[in-house]
Amino acid sequence: MVTTYIPNSLAEALMIKDSDHDVTILAGGTDLMVRYHSGQGLLPEIRKPVLFIGQLAALQQIEKIEKTLYIGAACRLRDVLQHPHVPEILKKAIREMASPAVRNSGTIGGNICNASPAGDTLPPLYVLGASVLIKNLTQSRELSINNFILGPGKVDLRPNELLFSITIPLYEHNVLFYKKVGARKADAISKLSFAGLAKTSGQILKDVKIAFGAVAPRVVRSPELEGLIIGKNISELKGLFPKISKGYAALLQPIDDQRSTIQYRTTVSLNLLEHFLTECCKPKTEAEH
Amino acid sequence: MEEKIEFLLNGKQVSLTVSPLTRLVDVLRENFGLTGVKEGCGEGECGACSVLVGGKLVNSCLTPLGIVNQTSIITIEGFRETARYKVLADAFAQAGAVQCGYCTPGMLMAAEALLQSNSLPKEQEIREALSGNLCRCTGYSMIIEAILLAAKEGEGLW
């Protein structure tokens, strides 16, 4: 039987992580209990010691301070969904994740640290310019989400560290588009997903952020390609579509698997991109979150 | 290693000393004989194992016992004793929402979870609330009708 730790405080949890680098972190358990599922009447086949963190109040706070939102890593997806200050694009992704029951247990930190190429909270977090706050017993450090996620299943967490919270700067946008493509409306792993945010002011595209999920080992976002259209007049945008599309096509690295094909993923991703850019071209009224 | 885990189960205080990784579905079925909680998939996809923990719907097959320490758990056996259940059960019977019955306890728990927070749901809201519960027999329509009916008949209860 493996060792389990159920600390009463964050400090205790950090002490345990500091002294036992080999522990597996369990927050909601909705990924681990599936990955290590053995069978009826059996314990999950987790071989390493398990550190339970889902009970720690310090990791479940959601707080807005001026123009910044802080979401505790062990916040249940359901709580993130219900909080009034969480940006709509992240809520849109969460609404389509798993099922109500899984959202009641699963955590945003778990989805991030699982670092699945198809992780559904990730494309919205990338376009929101989110960063993560990581703690060990004595120090904290902050990383942007794209630097935190290293590859499938890998994040930049040192053996004595825990993901503490997610920081989201709150900007105004007046174009928002999120699309998850999956085999069914719930309990589906994404074949691909798209998240786009933009801000237009009068005729000028002031800002744009685009991310694709499940079509590469990590979320695809390119500030370089975004830079090609930021500052442009929306009347000029249509002419730039082919160039932007070609740019992203070169960055997508979809695979053939049991869910979908390279061709489907590429075609639909670029269709969604064009849809989003078309939305950006339409004159708007006021900016919203 | 084993830990003492305590919780309220259908209103009764219970305590077990087991590995905190023990699945809640196994504890409910094997330790407490609550076989109304079914295991359909063991992976949190079918909802047959649904119970309420702290009033919230969870898949007990995915819930390690360590997570439910000091919580209140309601299974279909506990819910069965309530007036709300009676209204739902009558509605399910009337609407023909039960065929083999295997998904039914989970569906009822999901319905209760919905009605607790939304006492007069629209069809789309019911579909969304049941999106984690699979049924291989009915095609879902009768289950949704049953919940619409229960919400109407049970006005004031939720």
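Source: prediction; values computed, not measured.

About the cut-offs
Residues numbered from 1 in each chain as written. Chains lettered and ligands numbered in written order. Predicted model: local features only at pLDDT ≥ 70, side-chain atom pairs only at ≥ 80, totals over all residues. Heavy atoms only, no water. Pairing = 2+ DSSP bridges. Helix = DSSP H or I, 4+ residues; strand = E, 2+ residues; numbered from the N terminus. Axes fitted to C-alpha atoms, helices over the stretch in contact; angles between N-to-C directions. Contact = heavy atoms within 4.5 Å. Polar contact = N/O pair within 3.5 Å; in protein donor to acceptor, adjacent residues only side chain to side chain. Salt bridge = Lys/Arg side-chain N within 4 Å of Asp/Glu carboxyl O. Core = buried A, V, L, I, M, F, W, Y, C linked by side-chain atoms within 4.5 Å. Buried < 20%, exposed > 50% of the residue type's maximum accessible area, 1.4 Å probe, protein only. Buried area = accessible area lost by both parts, 1.4 Å probe. Phe/Tyr/Trp six-rings, centres within 6.5 Å; stacked < 30°, edge-to-face > 60°.

### Some remarks on the sheet that holds strand β13 (residues 204-213) of chain A
All names here are of chain A.
And then number 1: The antiparallel open sheet is built from three strands, whose spatial order is β11-β12-β13. Of all the strands in the sheet, the pair left with one neighbour each is β11 (175-181) and β13. Here the average twist between neighbouring strands, direction ignored, is 5°.
And then number 2: Packed on one face of the sheet, helix α11 (residues 262-281) meets β11, β12 (192-201) and β13 and runs near 15° to β12.

### Quick look at the side chain of Glu77(B)
Residues and elements named next belong to chain B.
And then number 1: Along the chain, Glu77 turns up in helix α2 (residues 76-79).
And then number 2: Here Gly36 takes part through its backbone nitrogen, which lies 2.7 Å from a polar atom of the side chain of Glu77.
And then number 3: A polar atom in the side chain of Glu77 sits 2.7 Å from the side chain of Thr75.
And then number 4: The contacts of Glu77, once residues within four sequence positions are left out, are Asn10, Leu34, Thr35, Gly36 and Val37.

### Description of the pattern of salt bridges
A side chain with one charge can pair with a side chain of the opposite charge if their charged atoms come near.
Residues and elements named next belong to chain A.
And then number 1: Under the criterion given, the structure shown has 19 salt bridges over all chains.
And then number 2: Across the salt bridge formed by Lys48 and Asp22, the nearest N and O atoms sit 3.8 Å from each other. Taken together, the residues span a long stretch of sequence, with Lys48 in the loop between α2 (32-35) and β3 (50-52) and Asp22 in the loop between α1 (10-19) and β2 (24-26) at a distance of 26 residues.
And then number 3: In the salt-bridge network here, residues are joined through shared partners; they are Arg141, Asp156, Arg158 and Glu161.

### Some thoughts on the nonpolar core
And then number 1: Grouped together as the largest cluster of nonpolar side chains are 39 residues, with contacts concentrated most on Ile71(A), Leu90(A) and Ile168(A).
And then number 2: Excluding residues that lie within four positions of it along the chain, Ile168(A) makes contacts with Lys67(A), Thr68(A), Leu69(A), Ile71(A), Pro87(A), Leu90(A), Leu125(A), Leu128(A) and Ala130(A).
And then number 3: One finds Leu88(B), Leu115(B), Ala129(B) and Leu149(B) within the second-largest nonpolar core, a separate group that totals 33 residues.

### Looking at the interface of chain A and chain B
And then number 1: Listed per partner, the contact involves 35 residues of chain A and 30 residues of chain B.
And then number 2: Of the roughly 2,600 Å² buried between chain A and chain B on both sides combined, carbon and sulfur atoms contribute 61%.
And then number 3: At the boundary of chain A and chain B, one finds one salt bridge.
And then number 4: The partner of Glu128(B) in a salt bridge is Arg103(A), with the nearest N and O atoms 2.7 Å apart.

### Thoughts on the sheet that holds strand β6 (residues 131-135) of chain A
Residue and element names in this part refer to chain A.
And then number 1: What the five strands build is an open sheet, ordered β4-β5-β10-β6-β7; its pairing is antiparallel. On the outer flanks of this sheet lie β4 (62-65) and β7 (140-144), each paired with one strand and no other. Sheet twist, expressed as the mean angle between neighbouring strand axes with direction ignored, is 25°.
And then number 2: Pairing between β6 and β7: five bridges, direction antiparallel. Counterpart to Leu133 in the pairing with β7 is Glu142.
And then number 3: Along the sheet, α1 contacts β6 and β10 (162-169); its crossing angle with β10, the most-contacted strand, is approximately 120°.

### Quick notes on the packing of aromatic side chains
Residues and elements named next belong to chain A.
And then number 1: Applying the stated criterion across every chain yields a total of six aromatic pairs over all chains.
And then number 2: Judged by centre distance (5.5 Å) and plane angle (55°), the rings of Phe194 and Phe276 are tilted. Here the residue Phe194 occupies a position in strand β12, and Phe276 occupies one in helix α11, the gap between them amounting to 82 residues. For the pair Phe194 and Phe276, one class covers both residues: buried.

### As for unusual backbone geometry
And then number 1: Here Ala98(A), not a glycine, exhibits a phi torsion of approximately 50°, which is positive.
And then number 2: As for its placement among the helices and strands, Ala98(A) is situated in the loop between α4 (88-95) and α5 (100-105).
And then number 3: Owing to a relative accessible area of 21%, Ala98(A) belongs among the partly exposed residues under this scheme.
And then number 4: A positive phi angle, near 75°, is found at Tyr140(B), a position not held by glycine.
And then number 5: By the secondary structure assignment, Tyr140(B) is in the loop between α5 (123-129) and α6 (141-153).
And then number 6: A residue is classified by how much of its surface remains accessible, and Tyr140(B), at 27% relative accessible area, is partly exposed.

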